[in-house]
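Observations on the model geometry
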Amino acid sequence: MDIDDILADVDREDFTSPESTALDHQLLTRLWVAERAVSELLPWPGLLMERMMERVRKQIEIIEDLTASSYNPTGNNASHNPTLNLKLSILQTDLSRTQYLIRSLLRQRLAKLTKHSMHYLLLISPPSTQQTSSSQNQQLQTEDTIPNPSTATDTSPLSREEANFLYSHQTLLASHYGASFLSAFPPQLRRLDDNAGGTSMVQGPDTKEVVFVRCLVDEVTIVVPPDETLDVEEYGTTMRMGEVWVARWEGVKKAWERGEVEVL
């Protein structure tokens, strides 16, 4: 069962049941750990985040209602429900735990987006077929070289909101670069996605970084993807259930997407 199957399994009308809540918290925690450990941006869990945000909203409403009901305008501190303060404390602690996970997850994603902004913009933006004439090239501004993802039908692994933020962020940054120093360069040197001479200015995340993973199925084979020395994908050694290994992310990425390994 892969991650999409797990998310679809709890995508039911009554997502407030204890089983769905516990499973969603487990999925959110695993995703948060993986996002912190992996160098590249992981797919945005849209359905999971929608359910978690809806629970947060309802829990805030419950806490506010209980707090209002505990207020005694007569000045008598004796409460008719002696367990109310304990209940409020438990609800607020659980709410703080969920909010911390969501905030930390979003901060990790924003850090990766801003670090490799051009890489992800080029990844999600449709290819440009527009030909630039010589006269247009003379008027080329740095911000004109930023790919626009607004017409993209699929922004994975980013959410639509992340794609809009990234485009605005990179456009402002390009305008700053252009006003600071790039406007003094020749037009052909003002691009932020230049790959002249076979060397690209756009650098993506390092997928060869190692991660700690635990095998969750009977066995998982480490994949050796093709590179400069390998023409085709090859298979390496095999993990057994419960084993914890240190492996390159590119070798276990597909297994993680299928839910066969857990990033620690």
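The structure this text deals with has already been given above.
Described in the following lines is the structure provided in the data block. (Residues numbered from 1 in each chain as written. Predicted model: local features only at pLDDT ≥ 70, side-chain atom pairs only at ≥ 80, totals over all residues. Heavy atoms only, no water.)

1. Overview of helix α2 (residues 18-37)
Since the α-helix packs 3.6 residues into each turn, any two residues three or four apart lie on the same face. Given a rise of 1.5 Å per residue, 20 residues ought to cover 28 Å, and the 29 Å separating the end C-alpha atoms of α2 matches this to within 8%. Where α2 is concerned, the buried positions are Ser20, Asp24, His25, Leu27, Leu28, Leu31, Trp32, Ala34 and Glu35. (Helix = DSSP H or I, 4+ residues; strand = E, 2+ residues; numbered from the N terminus. Expected span 1.5 Å × (residues − 1). Buried < 20%, exposed > 50% of the residue type's maximum accessible area, 1.4 Å probe, protein only.)

2. Side note on the packing of aromatic side chains
Counting across every chain of the model gives four aromatic pairs. Measuring from centroid to centroid gives 5.8 Å for Tyr177 and Phe181, while their planes differ by 45 degrees, and the two rings are tilted. For Tyr177, a relative accessible area of 29% gives the class partly exposed. Ring-pair connections join several aromatic residues into one group, and the members of that group are Tyr177, Phe181 and Phe185. (Phe/Tyr/Trp six-rings, centres within 6.5 Å; stacked < 30°, edge-to-face > 60°.)

3. Structural notes on the pattern of salt bridges
Taken as a whole and assessed by the stated rule, the structure comprises 15 salt bridges. Measuring nitrogen to oxygen at the nearest pair gives 2.8 Å for the salt bridge that ties Arg51 to Asp24. Here Arg51, found in helix α3 (residues 46-70), pairs with Asp24, found in helix α2; they are 27 residues apart in sequence, far enough to count as distant. Residue Glu35 is joined to Arg109 by a salt bridge in which the shortest nitrogen-to-oxygen separation is 3.1 Å. Pair noted here: Glu35 is in helix α2 and Arg109 is in helix α4 (residues 84-115), with a separation of 74 residues, a long-range link. Three or more residues are tied together by salt bridges with common partners; here these are Glu35, Arg109, Lys112 and Glu162. (Salt bridge = Lys/Arg side-chain N within 4 Å of Asp/Glu carboxyl O.)

4. Brief notes about the packing of helix α5 (residues 117-124) against helix α7 (residues 160-180)
At their nearest, the axes of α5 and α7 sit 10 Å apart, and the two run at 125 degrees to each other. Classified by the angle between their axes, α5 and α7 sit oblique to one another. For the pair α5 and α7, the crossing hand works out as left-handed. Mapping the contact onto sequence places Ser117, Met118, Tyr120, Leu121 and Ile124 in α5 and Ala163, Leu166, Tyr167 and Gln170 in α7. Along the lines of polarity and charge, the residues of the contact of α5 with α7 split into seven nonpolar, two polar and no charged. (Axes fitted to C-alpha atoms, helices over the stretch in contact; angles between N-to-C directions. Parallel < 35°, antiparallel > 145°, perpendicular 65-115°, else oblique. Left-handed = near helix turned anticlockwise from the far one by under 90°. Contact = heavy atoms within 4.5 Å. Nonpolar A, V, L, I, M, F, W, Y, C, P; charged D, E, K, R; others polar.)

5. So, the environment of Arg55
Counting through the fold element by element, Arg55 comes out in helix α3. The exposure class assigned to Arg55 is buried, which follows from its relative accessible area of 10%. Along the backbone, Arg55 and Thr98 are 43 residues apart, and their C-alpha atoms lie at a distance of 9.5 Å.

6. Digging into the nonpolar core
Core analysis: the largest hydrophobic core is formed by 33 residues, its most contacted members being Leu28, Leu42, Val213, Trp249, Val252 and Trp256. Sorting the residues of this core by element identifies α2, α3, α4, β1 (210-215), β2 (219-224), α8 (249-257) and β5 (261-263) as the ones contributing at least two each. Tallying contributions element by element places α4 first for this core, with seven residues. Residues within four places of Trp249 in sequence aside, it is in contact with Val38, Glu40, Leu42, Thr207, Glu209, Val211, Trp256 and Val263. The next biggest cluster of nonpolar side chains, apart from the first, holds 14 residues, and it includes Leu113, Ile124, Ile146 and Leu192. (Core = buried A, V, L, I, M, F, W, Y, C linked by side-chain atoms within 4.5 Å.)

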